[in-house]
Amino acid sequence: METHPQAGALSDESVLVAEAKAGSYAAFEELVNRYEKKIYRLGLNVTGNPEDAEDMLQETFLKAFEHLQDFREDSRFYTWIVRIAINQGLMKLRKRRSSKEVQIEDTSNDDGEVIPRDFADWRPNPEEELERTELEEILQNAARLLPMTFRTVFFLRDVEGLSTEETAEMLNLSEGAVKARLFRARLRLREELSKTLKRG
Amino acid sequence: MNCKDALRQISGYLDGNMDDELKSMLQVHLKCCHHCQIVFDTTKKTIELYCDGKLFPLPNTVRERLHDALRAKWESRSK
Ligand SMILES: [Zn+2]
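These numbers were taken from a predicted model, which means no experiment stands behind them.

Colleague: Residue-level account of the overall build of chain B, with values.
Modeller: Along chain B, the regular secondary structure elements total four helices and zero strands. Listing every helix and strand of chain B by position from the N terminus yields α-α-α-α. Computed over its C-alpha atoms, the radius of gyration of chain B comes to 23 Å, more than 25% above the 12 Å expected for a compact globule of 79 residues. For chain B, the residues scored as buried account for 39% of the 79 residues in total. With an accessible surface of roughly 4700 Å², chain B has 50% of that area assigned to carbon and sulfur atoms. The centroid of the 13 positive side-chain charges in chain B is displaced by 9 Å from the centroid of its 11 negative side-chain charges.

Colleague: Hey, could you go over the packing of aromatic side chains for me, with residue numbers and the actual values?
Modeller: Residue and element names in this part refer to chain A. Considering all chains together, one arrives at 12 aromatic pairs over all chains under this definition. Ring geometry for Phe71 versus Phe77: centroids 5.4 Å apart, planes at 90°, classification edge-to-face. Of the two residues, Phe71 and Phe77, both sit in the buried class. Aromatic ring contacts, followed pair by pair, group Tyr35, Phe71, Phe77, Tyr78 and Trp80 into a single cluster. Here the guanidinium or amino end of Arg188 rests over the ring plane of Phe150, the centre of that ring lying 5.5 Å away.

Colleague: Quick rundown of the coordination of the zinc ion? Include the residues and the values.
Modeller: Residue and element names in this part refer to chain B. Of the protein atoms, only Cys3 (SG), His29 (NE2), Cys33 (SG) and Cys36 (SG) coordinate the zinc ion, at distances of 2.0 to 2.4 Å. Relative to the metal, the four donor atoms surrounding the zinc ion lie at angles of 102 to 113°, and the coordination shape comes out tetrahedral. Accessibility expressed as a relative area gives 36% for Cys3, which makes it partly exposed. Judged by relative accessible area, Cys33 falls into the buried class, the value being 12%.

Colleague: Could you give me a rundown of the interface of chain B and chain A, with the residues and numbers involved?
Modeller: Interface extent is often summarised as the accessible area lost during association of the parts. Of the residues lining the interface, 36 residues belong to chain B; the matching set on chain A comes to 50 residues. For the pairing of chain B and chain A, the buried interface totals around 4300 Å² over both sides, and the portion due to carbon and sulfur atoms is 68%. Counting the surface chain B buries against chain A, the share from its top three residues, Tyr50, Phe56 and Trp74 of chain B, is 20%. One can count seven salt bridges joining chain B with chain A. With its nearest N and O atoms 2.5 Å apart, the salt bridge here joins Glu36 of chain A to Arg63 of chain B. Remark: the boundary between chain B and chain A carries 14 residue pairs in polar contact (both at pLDDT 80 or more). Residue assignment for the side of chain B that touches chain A shows that the elements contributing at least two residues are α1 (3–15), α3 (34–51) and α4 (60–77) of chain B. Residues belonging to the side of chain B that touches chain A are distributed by class as follows: 18 nonpolar, seven polar and 11 charged.

Colleague: If you had to explain the environment of Leu197 of chain A to someone new, which residues and values would you point to?
Modeller: Tracing the backbone through its elements, the reader meets Leu197 of chain A in helix α9 (residues 175–197). In this structure, Leu197 of chain A is in contact with Trp122, Arg123, Pro126, Leu130 and Ile138 of chain A together with Leu49 of chain B, ignoring residues within four places of it in sequence.

Definitions and cut-offs
Residues numbered from 1 in each chain as written. Chains lettered and ligands numbered in written order. Predicted model: local features only at pLDDT ≥ 70, side-chain atom pairs only at ≥ 80, totals over all residues. Heavy atoms only, no water. Helix = DSSP H or I, 4+ residues; strand = E, 2+ residues; numbered from the N terminus. Rg over C-alpha atoms; globule rule 2.2 N^0.38 Å. Buried < 20%, exposed > 50% of the residue type's maximum accessible area, 1.4 Å probe, protein only. Areas by Shrake-Rupley, 256 points an atom, 1.4 Å probe, with all protein chains shown as cover. Lys, Arg positive; Asp, Glu negative; His and termini not counted. Charge placed at Lys NZ, Arg CZ, Asp CG, Glu CD. Phe/Tyr/Trp six-rings, centres within 6.5 Å; stacked < 30°, edge-to-face > 60°. Lys NZ or Arg CZ within 6 Å of the ring centre and 35° of its normal. Donors = N, O, S within 2.8 Å, 3.2 Å for Na, K, Ca; no water. Tetrahedral: all angles 85-135°; square planar, octahedral: opposite > 155°, others 65-115°. Contact = heavy atoms within 4.5 Å. Buried area = accessible area lost by both parts, 1.4 Å probe. Salt bridge = Lys/Arg side-chain N within 4 Å of Asp/Glu carboxyl O. Polar contact = N/O pair within 3.5 Å; in protein donor to acceptor, adjacent residues only side chain to side chain. Nonpolar A, V, L, I, M, F, W, Y, C, P; charged D, E, K, R; others polar.

See the structure below:
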C-alpha cells in the first residue's frame, strides 16, 4: 500500500492536499518539497535563464498557495502545478519579447519537413564524459534556438511526461499541433546537439 | 519505405504508438539504412539527455529563498 514508506502516514498526495487546504503549512511544504526540483528545471528549460527560472518557481508556488482551494482533485496535483508554472513562464517570455529576441511562435516559414542533415554517430556517453555544467550548457543552448511553443511542448511531453491531451489543453493547441511540434522539436534538438556530441 | 517516410514515422515510433504493419516496415528500413538508424538512436538519446535527473539541480540558495517567501506569505495570511 505505502508507496513512500519514509514519509509515513503523510505519504499519500490526496491526504497532503486535503491537509494543506485545511490549513496545514507542513502539508503544503511537503507538496512543495516534492515538486520544487522539477518546476525549477522546467523553468530553466522554458525560460532559458536562472533568474527567470527562480522567479517562475516562486510565483508558481505562491500562486498555488493562494489558489489551493480552487484545486479540484480530478486532476493530478503535479499537472495543476505545471499548468500554473507554464502560465507564469509564458507571461514572463511575452514581457521579455520586446526587449530581447524571444521567439514565441515559429516565425520562419518552414512548416514543411524537418530534414536531418547530420548523420554522424554520437559519442556513446556524453553524460559521463562531459562535466555536468558543460552538458547543461550544450542542452540549454540547443533548446534556446527553438521557438517557445516547440520548446514547451518538448519539455512538457518528453521531460515532464504529460500526455498529448494535457499538453494541448495547457497550451491551447490542437492535439495534432502538439504532435507536429513535438516531432519537429525533437529533430531540431537532435540536429543541434549533433554538432557538439558527434564522434571525432 | 523510403527515408523520407521513415523519418516522418520516427516520432510515433519513439512514442510507441504506431500500428504493427507500419512498425515492421519501419524496422525493416532501419535495419538496412544506417542514416535513419542514427537519426532514430540520436533522437532517442536527445530525449534521454534532457530527462537526466542529475542535470539542472535546484541550488540551495534558490530553495531557501522559495521557502522563506512561502513562509512569509503564510504568516501574513494567518494574522
Ligand atoms: Zn533511411
